[in-house]
Structure formats: C-alpha cells, structure tokens
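Chain by chain, the residues run as shown.
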Amino acid sequence: MKKFIQMYEEKYIRFPDGKSKALTLSYDDGVHADIRLLEIMNKYGLKGTFNLNSGLFEHNGNHNRLDEESAYKLYNDCGQEIALHGDRHIFLDKVPLSEAMREMLLNRSYLETKYNRTVRGMAYAYGAYNDGIVEMLKALGVVYARTTQSSYSFEIPQDWLRLKPTCHHRDDRFKELAEKFFEGSPEKELKHREGWLFYLWGHAYEFDDDNNWELIENFAKRASAKDDIWFATNIEVYEYVTAYKYLIFSLDGERVKNLSAIPVWLEIRGKIYRIDSGKEVRFDS
C-alpha cells in the first residue's frame, strides 16, 4: 500500500527561480544618509523601498533631509521603489480623517507626478494608524502599508495594510534573526515549509547616529553571498505574493493555472514548478 505523507501534498510558495527566501528593505524620510545606504545596496545587489514625504524638502535640519532636487537625483533612477510616507510626516490617527486623506493625496500626487510612476506602497509615519485610516488607504489605491511593529518572524504578510516588518536594524534581535535567516531554510522545516521573507526597516541616519555603518554593510555582504535569496522591493514582493495567491487549482489539486502577468514558482512533493503567465501545469504524480 502506498504511504501517504501529508507535507508532500501541500503547496508552498517559492520565489523567482525557485528560491525559498526573499529579502526586502524599507527606509524612511528621504535623508542624506540614504546616499550611502543606496551605495551599499547597489554594491551587494539588495533591493528595497524609500518612503518619502513630499512637504518637508525645505526642512533639511531634521536628520539632514534631502532637498527636492537632490532627492529626485538620488531616487529617480536608483533601481529601487519609492513609496508614501505622508506629505508632512504627521500622526494620521491624530487628525480628522479628511485631513489624513488630504495628507496622503498630496503625497501620492506629488510622487507620481515628479517621478512619473505609479506609487501604491506606504510606510506609516510614526507607525500611526487605525481602522479608519486603513479603509481610507484602500479607497486611495494603496495596496500595502508598513507599520513599526516587529513580527520577529519570516512569515509572509497576510494583512498588507497592517504590514509588520521582521524587525528594525536597531532591534536587539536583529543579529539573531539574520543568523537564522541566512543559515536556516524552509526546506529544513518538518512543517510550515512556506517561503521566508525577511523585511528589514529603519532610517539611514541612524547608522550615522550610532556610527555603525558596518552593521548594514556586513548584513548586505552576507546576503549577497547566498544563492537562495530573492532580493526585491516591497511592491515586487506584494505583487509576486498576490500573483501566487490567485493561482487557480483543479479540484484534485493536480493542475494549476497562472492568470497573472508574471511567472510564479511553487513547490509540491519536493519538486519546484514554474508556472508561466497564462499557462496551466500538471504536477508529476
């Protein structure tokens, strides 16, 4: 009699090229220290998102913010994502909803016009939000919004408008989590073999304040040496996970069709499959 092994029948997300782990960064405020951070990211191939305010370019005394044209020069062709952080970096939950809406409308309108691209991501200023803000963001076409609450895990987000990062780079557990991420893998887990996402956030000026740029450079260098990690911006992670979520499976689970515009990878019975856009694949028995 054929033995039934449950985990071999389950489907697990795998990232582009069948990789089992993904890494994304998220850094706030549009500050001068982003220049050095971008140099490190580009040197080691890391990807991430810079969350920008649109109404504070002239206030460069606050953590040495970039002026408007310096910001444009830095971020426009940097190969990374830019995302919303509010027009004035205010507590969205401490103002009337109409004012919060105006804050985000001004922010999105400016970034989309100035940078000639669609902007759908966000990081909450001060991590401040409530249920009303979340519903407002849905109406404004925002698809993900990062909080400041650490998950201390590599789980893929389920609630993208209350997105919890893995941790801040200043967190006491950062090095422990990085070690587990680099040396472990979903394939080594007996159960819960879903793909891993390490979502790191912070402010680049903190590396100046703490005089510890080696912290992020060593992390980036170690990440670049791994061949099982997909480096992606926040929106790329969101779009990929969404494409995976909307795969269509047959009733018996033996066939899958991909209606999205991008290829998607998954693992079943220890084998990784690539499902191209518009294609249907039957799994090996």
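Coordinates for the structure precede this section.
Next up on the list: the sheet that holds strand β14 (residues 280-282). The strand order across the open sheet built from 3 strands is β10-β11-β14, with neighbouring strands paired in antiparallel fashion. Edge positions in the sheet fall to β10 (248-249) and β14, since each has one partner strand and no second. Note: strand β11 (residues 255-257) against β14, 3 bridges, orientation antiparallel. Paired with V256 across the strands is V281, a residue of β14.

Okay, the pairing of strand β2 (residues 21-28) next. Extensive coverage of β2 is indicated by the burial of 8 of its 8 residues. Residues of β2 alternate between two faces, with K21, L23, L25 and Y27 on one and A22, T24, S26 and D28 on the opposite face, all of them buried. Summarising the sheet, β2 and strand β8 (residues 196-202) pair through 7 bridges and their orientation is parallel. Across the sheet, L25 pairs through a bridge with L200, a residue of β8. Where β2 and strand β9 (residues 229-231) come together, 3 bridges link them in parallel fashion. Across the sheet, the residue bridging to K21 is I229, located in β9. Sheet topology note: the β2/strand β3 (residues 48-52) ladder contains 4 bridges and is parallel. Bridging across to β3, S26 finds its partner in T49. Handedness of the crossover joining β2 and β3 through helix α1 (residues 34-44) is recorded here as right-handed.

Each value, and the rule that gives it
- Residues numbered from 1 in each chain as written.
- Predicted model: local features only at pLDDT ≥ 70, side-chain atom pairs only at ≥ 80, totals over all residues.
- Heavy atoms only, no water.
- Pairing = 2+ DSSP bridges.
- Helix = DSSP H or I, 4+ residues; strand = E, 2+ residues; numbered from the N terminus.
- Buried < 20%, exposed > 50% of the residue type's maximum accessible area, 1.4 Å probe, protein only.
- Right-handed = clockwise from strand over helix to strand, strands pointing away.

Just geometry here; none of it tells us what the structure is for.
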